[in-house]
Amino acid sequence: MAPRLQLRDISLSLGVTPLLSGAELSISPGERVALVGRNGSGKSTLLRIAAGEVAPDSGERFVQPGLAMAYLEQAPAFEGFVTALDYVAAGLDENEVYRAQALLEEAQLDANADPRNFSGGEARRAAIARALARDPEVLLLDEPTNHLDIVAIEWLERRLGESRAAFVLISHDRRLLTNLTTSVVWLDRGMTRRLDRGFSGFEAWRDETLEAEEIERHKLGRKIAAEEHWMRYGVTARRKRNMRRVGELAGLRDELKAARKAPTDVVMSAQNLKPSGAMVVELTKVSKAYGDRPLVRNFSFRLLRGDRLGIVGANGIGKTTLLKLLTGKLAPDSGEIVFGSRLATVTLDQFRAELPPTTTVVDALTGGGSDYLDVGGERKHVIGYMRDFLFPPEQARTPIGKLSGGERGRLMLARAFAAPSNVLALDEPTNDLDIETLEVLQEMLATYPGAILIVSHDRDFLDRIATSTLFAEGDGTWTEYAGGYSDLVRQRGTGIVATAAPKAAEAQARPERAQALRRKLSFKDQRALDGLPDQIGGLRASLAALEARLAAPLAGDKIQALSEQYAAVRTEIDAAEEEWLRLEMLREELEAGR
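Remarks on the overall build of the protein
Right, so step 1: Helix and strand content of the protein: 19 helices and 22 strands.
Right, so step 2: Counting over 594 residues, the protein shows a buried share of 48%.
Right, so step 3: Restricting to contacts in the protein with at least 6 residues of sequence separation, those with at least 24 account for 69%.

So, in structure tokens, the structure goes:
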């Protein structure tokens, strides 16, 4: 069947560095293509070329005349749209607006809300709704699961599975790719290879391809060595033959140079301390609430050395709160928490360490003032440790504000795993990591001898790592299930779509509790709720202004002063967002109880 969209021999360079070299991409009716490759390999750029957003240096782009196409970019722009409905329905005819309204309702978004105030997850759901509302024949999707919880991911998966559209999908969510795609385009070192099978066969095929490449490189190297030996010791008076072989040797060297070696994998290992006691932490009838909303209620649980615990649920339902209770970073409102002996806990939070954007990679790893750091009690030069996490030496002085999302993710893992530990607490560790780095991370965690706590929306990752999973049933109730996410679904008979979204959880609130709720927010709380978005917006503007000042050349004392201001404003933003979340949850509970 003729392709509806096709890219041929696409090349593009960034400065003098080639990003794409003869890349190809085509999509025919009914095809569902996974576009995969390492972070920075050019996947998003190739998709933007397909969407007509970027022009290549050379190559051809063919689009079937009259094709209805929608492109979901990573960072949606809401400027110029007063409401979410305005944004989602943009470009639709009057008789098509109903599709936008229905999709907003499915995505649990207020059609009259200002999209500029949306959280990351809400913004993503709005962008997905906008793309689907066009009822396209071809969909181009760039990381659609970013910022989504499992509820929204499974909604997206169901929607795409039911869609008539052909699509190209960039994602690090291996379960989504496995369940949806019928072919794979692998972008590697600027070139594309195609596998006409679904993503489930990709990893084995990729490894076989790289192994075959390495064998060919080795053969080529041996052939060059043999020719060089002849050059040294076998030259004769037969000039014509000699010149031919000299030319062949030069050609072989050019061939070896052109056969770029596959990029290396991250070298990742956690630095283990002496084992903790057999019991890591025990909770007895623990409760924790924000305002009138219980996030943990009457919860008893024991974590043992060697356990790998997954924690799942919708955004805002209390996963991070539970993780903080389990690691002693948050005290319960009631109940008892007992920690075991000889614990050394390393934590990676979902927002990553809040460092000023001018902090360099070296200073982020060493703490500043040194080119060495302690890794597992051993002194190691920072450049060598950087290489383990795929940072070249020239990035040593790069400000972290200029790193990509994947690079920041690797940097935070490098910071966390340098410290000795026997307990790992990881809040969304897979965010922004490419598939290859995910594989290395899961291999390391699978052999880690201590206890591991993992908050994650990555279903495949949980299945490969977790020995048991805690699930938020709603209204502060948590249930433990043996195994990973798929085991949880089998034991429950369903996933979490029906129970875990904040609105759905509120609908399940016990009748006696709902009747006891007040009818509306107090005047003081309502005024605070109305004013907080503007306050947060002003603080973010101040933060952006500080970032701009920090990016300019400054004296050392001014950098210190501005960095302190930056940290203070960042703290204010976090506090304001936490207060807004508390009040918004309370408001929704009160409305549900009417």
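Quick word on the packing of aromatic side chains
Right, so step 1: This model, assessed by the stated rule, comprises nine aromatic pairs.
Right, so step 2: Where Phe-78 meets Tyr-87, the ring centres are 4.7 Å apart and the plane angle is 70 degrees; that geometry is what we call edge-to-face.
Right, so step 3: For Phe-78, a relative accessible area of 9% gives the class buried.
Right, so step 4: Consider the rings of Phe-199 and Phe-202, whose centres lie 5.5 Å apart with planes at 25 degrees: the pair is stacked. Both residues of the pair, Phe-199 and Phe-202, belong to the buried class.
Right, so step 5: Each residue in the set Phe-78, Phe-81, Tyr-87 and Phe-118 is aromatic and connected to the rest through ring pairs, giving one cluster.
Right, so step 6: Sitting over the ring of Tyr-87, Arg-130 keeps its end group 4.6 Å from the ring centre.
Right, so step 7: Above the plane of the ring of Tyr-372 lies Arg-379, whose end atom (NZ or CZ) is 4.2 Å from the centre.

A short note on the sheet that holds strand 14 (residues 334-339)
Right, so step 1: An order of 12-11-14 is seen for the three strands of this open sheet, with the pairing classed as antiparallel. Bordering the open sheet on either side are strand 12 (293-304) and strand 14, each of which pairs with just one other strand. Sheet twist, expressed as the average angle between the axes of neighbouring strands with direction ignored, equals 15 degrees.
Right, so step 2: In the packing of helix 9 (residues 319-326) onto the sheet, the strands contacted are strand 11 (279-290), strand 12 and strand 14, and the crossing angle to strand 11 comes to about 135 degrees.

Some details on the nonpolar core
Right, so step 1: Grouped together as the largest cluster of nonpolar side chains are 48 residues, with contacts concentrated most on Val-36, Leu-139, Leu-160 and Phe-202.
Right, so step 2: With eight residues, helix 4 (residues 120-133) is the single largest residue contributor to this core.
Right, so step 3: With near-sequence residues (within four places) excluded, Leu-139 lies in contact with Ala-70, Ala-131, Leu-132, Leu-160, Ala-165, Ala-166, Phe-167 and Val-168.
Right, so step 4: Judged by nonpolar contacts, the second largest core, of 36 residues, contains Tyr-385, Met-386, Ala-416 and Tyr-448.

Here's the deal with the pairing of strand 5 (residues 69-72)
Right, so step 1: Residue alternation in strand 5 divides its side chains into a buried set, Ala-70 and Leu-72, and an unburied set, Met-69 and Tyr-71.
Right, so step 2: Relative to strand 6 (residues 138-142), strand 5 runs parallel, the two sharing four bridges. In the strand pairing of strand 6, Leu-72 is matched with Leu-141.

Digging into the pattern of salt bridges
Right, so step 1: Applying the stated criterion across every chain yields a total of 27 salt bridges.
Right, so step 2: With a shortest N-O distance of 2.8 Å, Glu-157 and Arg-459 are connected by a salt bridge. Of this pair, Glu-157 sits in helix 5 (residues 150-162) while Arg-459 sits in helix 14 (residues 459-465), and the two are 302 residues apart along the sequence. By the burial criterion, Glu-157 is buried, and Arg-459 matches it.

Looking at the packing of helix 3 (residues 97-106) against helix 4
Right, so step 1: Two elements in contact, helix 3 and helix 4, have axes whose closest approach is 9 Å; the angle formed by their N-to-C orientations is 145 degrees. As for how helix 3 packs across helix 4, the hand of that crossing is right-handed. Contacts between helix 3 and helix 4 pair Arg-99, Ala-100 and Leu-103 from the former with Ala-129, Leu-132 and Ala-133 from the latter.
Right, so step 2: A breakdown of the residues in the contact of helix 3 with helix 4 according to their chemical character gives five nonpolar, no polar and one charged.

Considerations on the environment of Ala-278
Right, so step 1: Locating Ala-278 in the fold gives a position in the loop between strand 10 (271-272) and strand 11.
Right, so step 2: Beyond its immediate stretch of four places on either side in the chain, Ala-278 contacts Leu-304 and Arg-305.

Some thoughts on the confidence of the model for the protein
Right, so step 1: Mean pLDDT over the protein: 82, with 81% of residues reaching 70 or higher.
Right, so step 2: Predicted confidence is poor over residues 237-241, with pLDDT under 50, and the contacts of this stretch with residues over four places away or in other chains come to one contact.
Right, so step 3: Predicted confidence is poor over residues 498-519, with pLDDT under 50, and the contacts of this stretch with residues over four places away or in other chains come to 42 contacts.

Section: the sheet that holds strand 21 (residues 468-474)
Right, so step 1: One open sheet accounts for six strands, arranged 15-19-20-13-21-22; its pairing is mixed. Only two strands of the sheet have a single partner each, and these edge strands are strand 15 (345-348) and strand 22 (477-482). Strand-to-strand twist in this sheet, taken as the mean axis angle between neighbours without regard to direction, amounts to 15 degrees.
Right, so step 2: Where strand 13 (residues 308-312) and strand 20 (residues 451-455) come together, four bridges link them in parallel fashion. Across the sheet, the residue bridging to Leu-309 is Leu-453, located in strand 20.
Right, so step 3: Here helix 9 sits on the sheet in contact with strand 13, strand 19 (423-427), strand 20, strand 21 and strand 22, set at roughly 150 degrees to strand 13.

Quick notes on the rules
Residues numbered from 1 in each chain as written. Predicted model: local features only at pLDDT ≥ 70, side-chain atom pairs only at ≥ 80, totals over all residues. Heavy atoms only, no water. Helix = DSSP H or I, 4+ residues; strand = E, 2+ residues; numbered from the N terminus. Buried < 20%, exposed > 50% of the residue type's maximum accessible area, 1.4 Å probe, protein only. Contact = heavy atoms within 4.5 Å. Phe/Tyr/Trp six-rings, centres within 6.5 Å; stacked < 30°, edge-to-face > 60°. Lys NZ or Arg CZ within 6 Å of the ring centre and 35° of its normal. Pairing = 2+ DSSP bridges. Axes fitted to C-alpha atoms, helices over the stretch in contact; angles between N-to-C directions. Core = buried A, V, L, I, M, F, W, Y, C linked by side-chain atoms within 4.5 Å. Salt bridge = Lys/Arg side-chain N within 4 Å of Asp/Glu carboxyl O. Left-handed = near helix turned anticlockwise from the far one by under 90°. Nonpolar A, V, L, I, M, F, W, Y, C, P; charged D, E, K, R; others polar. pLDDT = per-residue confidence, 0-100.

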